[in-house]
Amino acid sequence: MKIEVLKNISSANDAIAAQNRNKLDEQGVTAVNIMASPGAGKTSFILQTIDHLKGKLKTSVIEGDIASKIDADKIDEKGIPVVQINTGGNCSLEAHMIGSSLDKLPLKDTEILFIENVGNLICPASQALGEHIKVVIASTPEGDDKPSKYPLMFAESDAVIINKIDLAPHVDFDTAGFKKVVQGLNPDVVIFEVSSKTGDGIEKWCHWLTAKAKKS
Ligand code: MG
């Protein structure tokens, strides 16, 4: 009985995710689900990406957090349309939350929608939102063992970002070993090394994202 209930919840979420996807496709919007642990630099990475795409692609953002609107305020300061979702205690955004946020965003004037998921490497991996691209960010101070400990998120993502490469000389992070584990879980994945602080590597990532958005 319990299994059946869980299945129903998951298929209800998937049905709403499919509706979201249709809505996004109708408006020509590519949605990017950004996942990471707290402090990996999701918001800074989105801000750097938006800055880089300015004048080339129109962007909007959905911010997901347990509480607060700190991140949405940072996006708003840039003049980018943003909706903040507070999940209460929920450890992931869910498709219905995205569905109601889409109504509040100027989709006609959006080419890429960034969805910053709630900070953790577990729950967001198994919740479809209707996104086109899944991205997981791992930062060098967190250590290089995250793909081994949280394999599902790394296996499901289209791109993996190694953030805070400016800190790599000061922390123990085995970049080659990290990449090897990720590629073992997900042979098709693309890995980018960036610093959202200095902007290093952002151009290469934006180039890939732009090409991918045109195809989706
Ligand atoms: Mg954030």
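Summarised in this report is the structure supplied together with it. Nothing here was measured: the structure is a model prediction, and the numbers come from that model.

## Brief notes about the nonpolar core
Piece 1. With 28 residues, the main nonpolar core has F114, W205 and L209 as its most contacted residues.
Piece 2. Where this core is concerned, the elements lending two or more residues are β1 (30–36), α2 (42–53), β4 (112–116), β5 (133–139), β6 (159–163) and α8 (202–215).
Piece 3. Examining the composition of this core, we find that 6 residues originate from one element, α8, more than from any other.
Piece 4. Discounting chain neighbours no more than four positions away, the residues touching W205 are F45, T49, V135, A159, I161 and F192.
Piece 5. The next biggest cluster of nonpolar side chains, apart from the first, holds 15 residues, and it includes V29, I85, L102 and I115.

## Re the pairing of β4
Piece 1. Burial within β4 is extensive, with 5 of its 5 residues counted as buried.
Piece 2. By the alternation rule, side chains of β4 split into I112, F114 and E116 and L113 and I115, which are all buried.
Piece 3. Bridge count between β1 and β4: 5 bridges; the pairing is parallel. Bridge assignment links A31 to a residue of β4, and that residue is L113.
Piece 4. Note that strand β2 (residues 59–65) and β4 share 5 bridges and pair parallel. Directly across from I62, in β4, lies its bridge partner I115.

So, how was this worked out
- Residues numbered from 1 in each chain as written.
- Predicted model: local features only at pLDDT ≥ 70, side-chain atom pairs only at ≥ 80, totals over all residues.
- Heavy atoms only, no water.
- Core = buried A, V, L, I, M, F, W, Y, C linked by side-chain atoms within 4.5 Å.
- Buried < 20%, exposed > 50% of the residue type's maximum accessible area, 1.4 Å probe, protein only.
- Helix = DSSP H or I, 4+ residues; strand = E, 2+ residues; numbered from the N terminus.
- Contact = heavy atoms within 4.5 Å.
- Pairing = 2+ DSSP bridges.

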